[in-house]
Structures are given as structure tokens and as C-alpha cells.
Amino acid sequence: MTGHNTKWRVVRFLKLVLLGLLLILLILLFVGAVRTFTLEVNAGLQLAQWEKTANISAHISKQERAVLLANFKEAIRIPTVSFSGSEQNTSALREFDQLLRKVFPTVFSSSLVKHEVVAHYSHLFTVLGTEPELVPYMLLAHIDVVPANEADGWEAPPFSAKELNGFIYGRGTIDNKQSVMGILQALEYLLQRGYVPQRGFYIGLGHDEEVSGINGAVNIVKLLKSRGVKLQYVLDEGLAVLDGIINGLKGPAALIGVSEKGSATVKLSVSMKPGHSSLPPRESSIGILAAAVTRLEEYPMPRLFGYGPERATFEHLAHKFDLPLRFIMSNLWLFTPLLSRYVNEVVELIESTIADERVKIELVSGFDPLPISSYTEQSFGFQIIKKTLLDMFPQLTVAPGICVGNTDSRHYTDLTKDIYRFAPTWFKPGDTERFHGINERMSPKNYEELVAFYFQLFQNCDIRNLPTPHESQHEL
Ligand SMILES: N[C@@H](Cc1ccccc1)C(=O)O
Ligand SMILES: CCCCCC(=O)O
Ligand SMILES: [Zn+2]
Ligand SMILES: [Zn+2]
């Protein structure tokens, strides 16, 4: 074979390889474009599938509006602080109990509602429905708050509920008294308007969520289990409406937490030979420990983006991004790392990062990530929450998400497989730092929206079954 021939054959072979690669790329691009389009169509269809089921107007009079805000402010002013698992402001918790009975007289006197105090300071409300065959659901919220010190830079005292530039300032305004008061205020209005629920429900208000819920939520769950209760779904605090926070996303998005991260509390300690402080060793125990913590900060946990429900988050949001993000978000299967990085146990990872035998590492407590709740077209809880939101805010995009914090709802996994973490708290850029931070606040408008959200949600839950995609195109 002449040199010329060989060269020609090599060129021809390379051309074929190039053509093959080009073909594969075109196929991938075509599949990607189809997925992007499908997700967009799905998003549009979902909106069209629902008919309004609420039948009592959420119209809240001007006078009622003034009262509901006054009730919310009064709740904020009671410092129901959890300092630790064993140190809580119990007199504030007792005062809060009195407040609820004072401002929600219809709830506490209605023959439809059974109220129980659990573990001294938590509250369980049981509301039977007229249709006992409909599986009940449960709304959760927590009364306690984390500490707050005005000297840290608050623009208004943290337990003043003072209104400043259009916001009510106070610890607990977004975590989580807006839900405690919003849920009961909505029920108060519904009962006053003669509402009788068809699907029964429970309301669980924990008093120690910020210090793990082992007295409040755990005992509420024990009580419900002893009664053989199973739940259609649970809705607790968690994610919110993000407006201008996700880069590249057009418009506000409501992320509904379908899972929550696990947690590990690890103790690091260094023991050295004792000696006089005037003759310190070259490396002290404090120095060794500080270096270990610095390494952990410099080498944080590996991200496994794209392997959990966050994938669904971006696929649900994809149609609201501009290209090329839209293409990427619709085709994460193309862009997540092909090799799955195995995630070691947290402690092993910490050991390998610290890499210093002198540092003792002990797992003090922890729990695994929570199971992923369903979020398909047939997921009752997810679709009811989504419908309620779209009825109120048609411009919203609704997507499943992962709740990065932990909530009392993690104790409810034996009562339901569908736990959602969400409240329609409206977050603009910079607001997420207010969570457990300074200047926690909520606008009166947002609080009114929360009351209206729960007001509609109670009624929407009376639907017997979700409409099937075909059925929903006609009158129900
Ligand atoms: N919800 C709070 C407190 C908490 C921590 C850990 C477990 C449960 C609750 C948080 O996420 O920080
Ligand atoms: C951010 C998700 C909720 C955290 C629960 C809490 O801090 O009370
Ligand atoms: Zn909370
Ligand atoms: Zn909190």
C-alpha cells in the first residue's frame, strides 16, 4: 500500500469518526430540545387541569384585616424562646396558650374541633370531617423561636412587632409564628362563616421545634399513633416563595420541600499532656483544634448536585429560564457528572479531611436525609398545595425542592409518606439571612396572603380525588 493511499485512508477514517460524533451531538441536542419543549407543555397543562373547588369567599373585611394583624403582632411580642433542649421560656409558652384561646374563640368553642395540650405546651387540634372515608391531612407549625438580641443590630426590638418601612419586625415573623397564627386565623374565619369540613384534618403546634421537637412533636405523633391515625399528607414550615433569588429565573418560584437534609452533630476534641501555661508546647491543643476546623472550612462536603429532588426542582423551573440555562435545566441528565461520586459517611469524610490523629472525632447525634415525598400529577398533597398557590398567584412557578433546614415534620414519617415543607412566605434577595438572623420581618400584605392561603387550602382539601388529566378538561 503506497504512503499516499495510507494517508488517504487515515483521512477518510477521521472524517467518518468526526461525522459520527457530529451525529451523536445532533441526536443529543434533538432529545434535549424535545425535553425542554415537553417540560414547557407540561407546565402549561398542569395549570389548565384544575377547576376552583373553594366555595367560601376568602374576602376578609377591613375590620377583620386590622384584627388579624393585631393578633399576629401580639403573638410576636410573646418571647417563646427555646435556649436549649432543657431551657425554655415556659411562662411565655403559657402566655401564648392564653393568647390563642383569647383571639380564636370560635376554634376553641366549636363542636367540630377537639383541642388538646400535649407535653404541657404543645397543641393538637382534631377536626372531624363529614366524609370519614376521606383520609385526613395535617398542618404543622411551631410556637417556639430562637433567641434574639437587639444589640446584634436589630432595626426594631426583636419582640416589639414594630412596623417599619412596610414590615412587621420580630423574631418568629417568618419562623414560624406566621404559620401558627395564619392557620388558626384561617380556621377561625372559616368556622365563623359556617364552614364544615368534608375531609378531616389535624393541626399540630409544637413548642420545642428549634431544639429538636423531642417533647412536642414526638409526643403529638405518639398520641396520633395510639389512635391509629394515618395521614393523606403533612404540610409543615420549610421552603417559601423565592422572588429574584434564583439567578436567571424569570419571576417568583414557590419551592415545596419534598425532602429535608439529614443532620450530624460531631464533637471534635484534643487532649494534650498537662503542663504550666508559662511553658506551652510548640503546638497547643487549641491550635491543633483550630487547624482542624480550618481544614473543614477549606474543604467543605462534596456537592452531589443533580442526584436528588433538586434535579426535579430545576426541571420544573426550566421553562422560566432564558436559554441556554433553560436547555441545561431541562437536560440535567446531560450535565450532571457522569461518574457518581460515592458519598462516604459524614464522619469518615470529616476524618479524612482533618487527617490528624490527635483530633478525636465523635458523632454526638444525627439522622439520615428524609424520604422523598411524591410530587407527580397524582400526588394529592403536592397538587392541592400547588393549586391553592396558583389560584392566588397565577404568575408563580411551583416546583419541588429540598428543605436545607430540619423541621418537626421529620417525626411524622410513620403517619404518612408525603410530607411537604412550605409556607407562602415571600423572600426577596437578602431575606434568607433573616432566618435565625437579625431583622426577621414580614409585611402585613404577606401575612394576609398566608391567612388567605390556609383559608383556601382547607377548602381545597375537601376535593374527593384529584381530577385525571382527561377529566379536568371538562367540568368536574
Ligand atoms: N429547624 C431548626 C432547628 C432544628 C435543627 C435540627 C433538627 C431539628 C430542628 C434548624 O433547622 O436549624
Ligand atoms: C429553612 C427550613 C426550616 C428550618 C426550620 C427552623 O429553623 O425552624
Ligand atoms: Zn422553624
Ligand atoms: Zn428556626
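Everything below is about the structure printed above this text.
Residues numbered from 1 in each chain as written. Chains lettered and ligands numbered in written order. Predicted model: local features only at pLDDT ≥ 70, side-chain atom pairs only at ≥ 80, totals over all residues. Heavy atoms only, no water.

## Here's the deal with the overall build of the protein
Going by this rule: Comment: elements are numbered from the N terminus, with helices defined as DSSP H or I runs of at least four residues and strands as E runs of at least two. For every residue, the accessible area obtained with a 1.4 Å probe (protein chains only) is divided by the maximum for its type, and the residue is called buried under 20%, exposed over 50%, and partly exposed between those limits. In what follows, residue pairs with any heavy atoms lying within 4.5 Å of each other are defined as contacts. With residues, only the protein chains shown are counted as cover, and all accessible areas are computed by Shrake-Rupley using a 1.4 Å probe.
Of the regular secondary structure elements, the protein holds 13 helices and 15 strands. Here the protein holds 476 residues, and the buried ones make up 47% of them. Restricting to contacts in the protein with at least 6 residues of sequence separation, those with at least 24 account for 81%. Accessible area of the protein: about 23700 Å², with a carbon and sulfur share of 60%.

## A few points about the coordination of the zinc ion (ligand 3)
Defined as follows: Atoms are scored as donors when they are N, O or S and lie within 2.8 Å of the metal, with 3.2 Å used for Na, K and Ca; no water is included, so coordination may look incomplete.
Every protein donor of the zinc ion (ligand 3) is accounted for by His142 (NE2), Asp175 (OD), Glu237 (OE) and Glu237 (OE), and the metal-donor separations fall at 1.9 to 2.6 Å. We note that the donor set of the zinc ion (ligand 3) lies within a single chain, spaced as H-x32-D-x61-E. The distance between the zinc ion (ligand 3) and the zinc ion (ligand 4) is 3.4 Å, with aspartate 175 acting as a donor to both metals. Here histidine 142, found in strand β5 (residues 137-142), pairs with glutamate 237, found in strand β9 (residues 234-242); they are 95 residues apart in sequence, far enough to count as distant. For the pair formed by histidine 142 and glutamate 237, the shared burial category is buried.

## Digging into the environment of lysine 387
Tracing the backbone through its elements, the reader meets lysine 387 in helix α12 (residues 380-392). In sequence terms lysine 387 and asparagine 460 are 73 residues apart; their C-alpha atoms lie 8.2 Å from each other.

## Some points on the site of ligand 1
Short version of the rule: Residue proximity to a molecule or strand is established when one non-hydrogen atom of the residue lies within 4 Å of it. We define a polar contact as two N or O atoms separated by no more than 3.5 Å, with the added condition that, inside protein, one atom must be a possible hydrogen donor and the other a possible acceptor, whereas residues neighbouring each other in sequence contribute only through side-chain atom pairs. Gly is placed with the polar residues, together with every amino acid not listed as nonpolar (Ala, Val, Leu, Ile, Met, Phe, Trp, Tyr, Cys and Pro) or charged (Asp, Glu, Lys and Arg).
Every residue near ligand 1 is listed here: Glu209, Glu210, Gly405, Asn406, Arg410 and His436. At a separation of 2.7 Å, a nitrogen atom of ligand 1 approaches a polar side-chain atom of glutamate 209. Between ligand 1 and asparagine 406 there is a distance of 2.6 Å, counted from a nitrogen atom to a backbone nitrogen or oxygen. Considering ligand 1 on its own, with 310 Å² of exposed area, one finds that the protein chains cover 71% of that surface. The residue inventory of the shell around ligand 1, partitioned by class, reads no nonpolar, three polar and three charged.

## Some points on the site of ligand 2
As a matter of local geometry, ligand 2 sits amid His142, Asp175, Glu209, Glu210, Glu237, Gly238, Cys403, Gly405, Asn406, Phe435 and His436. Residue histidine 142 places a side-chain N or O atom 3.3 Å away from an oxygen atom belonging to ligand 2. A distance of 2.9 Å separates an oxygen atom of ligand 2 from a polar atom in the side chain of histidine 436. Within the complex, the protein chains bury 89% of what would otherwise be the 280 Å² of accessible surface of ligand 2. Here the shell around ligand 2 is composed, by residue class, of two nonpolar, five polar and four charged.

## Section: the sheet that holds strand β7 (residues 167-169)
We apply this condition: Whether two strands pair depends on DSSP finding at least two bridges between them.
Spatial ordering of the open sheet is given by β6-β7-β15, a layout of three strands whose pairing is antiparallel. The sheet is open, and its two edges are formed by β6 (163-164) and β15 (441-442), each paired on a single side. Looking at chain direction, β6 and β7 are connected through two bridges and run antiparallel. Within β7, the residue paired with leucine 164 across the bridge is phenylalanine 167.

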